[in-house]
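# Summary of the model geometry
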Amino acid sequence: RSLPAMPFDVKPIWNACGEAFDRFTSAVDSFSDNIERPAIERLVGDVAGHRVLELGCGSGPYSIWLAERGAKLTGLDLSQTMIALAQERAGKHNLQADFRVADIREALPFNDAEFDLIFSATTLHYVENLKATMSEAGRVMKPGSRLVASVLHPMSTARFPLADSYDVEGPDPWEGWYFGSPDRCIETPWLAFGDVSAEGRRIFCHHHTV
């Protein structure tokens, strides 16, 4: 079973900028540490003994937090660079976690009703077909389980430049930004956090309106 994927091949992009992204999101003054994570931690609650699937686990900061609290953690990411960083982080913390290279825009490599919690952090703006991805998430969730996700607000992704262009559509800039083409391209925000090759200097995203 294969689901429709984005028209952009983002795997080499993330392989190229993954280490800089890890430093960016783990900096002491990062948005992730200071705003997103405290809210997420309150929502997730007790996960001891629960099977948890993280979609788009990146370099594993949330995965480690979940595993430290007793979750049986499986993390998926399409970037081998990110998975290697996550495995290294788990090793440093002496934690067991199952990290796999997999594209969450495709069919998930699990049987039905396997997980007690599915978690995703600021990943869904890289997914074009949310309906298909959420359908797969629902398929692998146990009855009564939960999905917790953080997303970039559409008024944020609305300001991302259009793919391959800095132009906006329509006579009104805000209307053009918000209701324009969904496929967006931005300069990688974490370029200052490491050496990033040309292949990783722009990231493709998908703008979803409310």
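Preceding this paragraph is the structure being described.
Residues numbered from 1 in each chain as written. Predicted model: local features only at pLDDT ≥ 70, side-chain atom pairs only at ≥ 80, totals over all residues. Heavy atoms only, no water.

## Considering unusual backbone geometry
Non-glycine residue N94 carries a positive phi angle of around 55°. Given a relative accessible area of 71%, N94 falls into the exposed group. At A113, a position not held by glycine, the phi torsion is positive, near 55°. By the secondary structure assignment, A113 is in the loop between β3 (98-101) and β4 (115-121). (Buried < 20%, exposed > 50% of the residue type's maximum accessible area, 1.4 Å probe, protein only. Helix = DSSP H or I, 4+ residues; strand = E, 2+ residues; numbered from the N terminus.)

## Overview of helix α1 (residues 11-26)
Taking 1.5 Å of rise per residue, the 16 residues of α1 would be expected to cover 22 Å, and the 21 Å separating its terminal C-alpha atoms lies within 8% of that figure. Taking the largest bend as the criterion, α1 deviates by roughly 60°, centred on C17. When we look at burial in α1, the residues that qualify are I13, W14, C17, G18, A20, F21, D22 and T25. Lining the buried residues of α1 we find α2 (31-44), α4 (80-92) and β7 (202-206). (Expected span 1.5 Å × (residues − 1). Bend = angle between axes of the 7 residues up to and from the residue. Contact = heavy atoms within 4.5 Å.)

## Looking at helix α5 (residues 130-140)
For α5, the set of buried residues is A132, T133, E136, A137, R139 and V140. The buried residues of α5 occupy an angular sector of 160° when projected down its axis, which confines them to one face. Buried residues along α5 sit in contact with β1 (51-55), β4 and β5 (141-150). (Arc of directions from axis to C-beta.)

## Remarks on the layout of surface pockets
Its volume calculated, the largest pocket comes out at about 880 Å³. Along the walls of the largest pocket sit 45 residues, with F21, A121, T122, H125 and Y126 positioned nearest its centre. The set of elements that each furnish at least two residues to the lining of the largest pocket consists of α1, α2, α3 (61-68) and β2 (72-77). Space inside the second largest pocket adds up to approximately 180 Å³. As for the second largest pocket, its lining consists of L124, H125, L130, V151, L152, P154, T157, H206, H207, H208, T209 and V210. Here the residues of the lining of the second largest pocket sort into 6 nonpolar, 6 polar and no charged. (1 Å grid on protein atoms, 1.4 Å probe; cavity = no way out; pocket = protein on both sides within 12 Å on 5 of 7 lines; lining within 4 Å. Points joined across faces, edges and corners; volume = space filled by probe spheres on them. Nonpolar A, V, L, I, M, F, W, Y, C, P; charged D, E, K, R; others polar.)

## With respect to the pattern of salt bridges
Tallied over the full model, the rule gives 9 salt bridges. Here R89 and D22 are joined by a salt bridge, their closest N and O atoms 3.0 Å apart. With R89 in helix α4 and D22 in helix α1, the pair connects residues that are 67 residues apart, well separated along the chain. For R89, a relative accessible area of 19% gives the class buried. Across the pair E88 and K92 runs a salt bridge, and its minimum N-O distance is 3.4 Å. Of the two residues, E88 and K92 are both situated in helix α4; the distance of 4 residues between them amounts to about one turn of the helix. On the basis of relative accessible area, E88 is assigned to the partly exposed category, the value being 43%. (Salt bridge = Lys/Arg side-chain N within 4 Å of Asp/Glu carboxyl O.)

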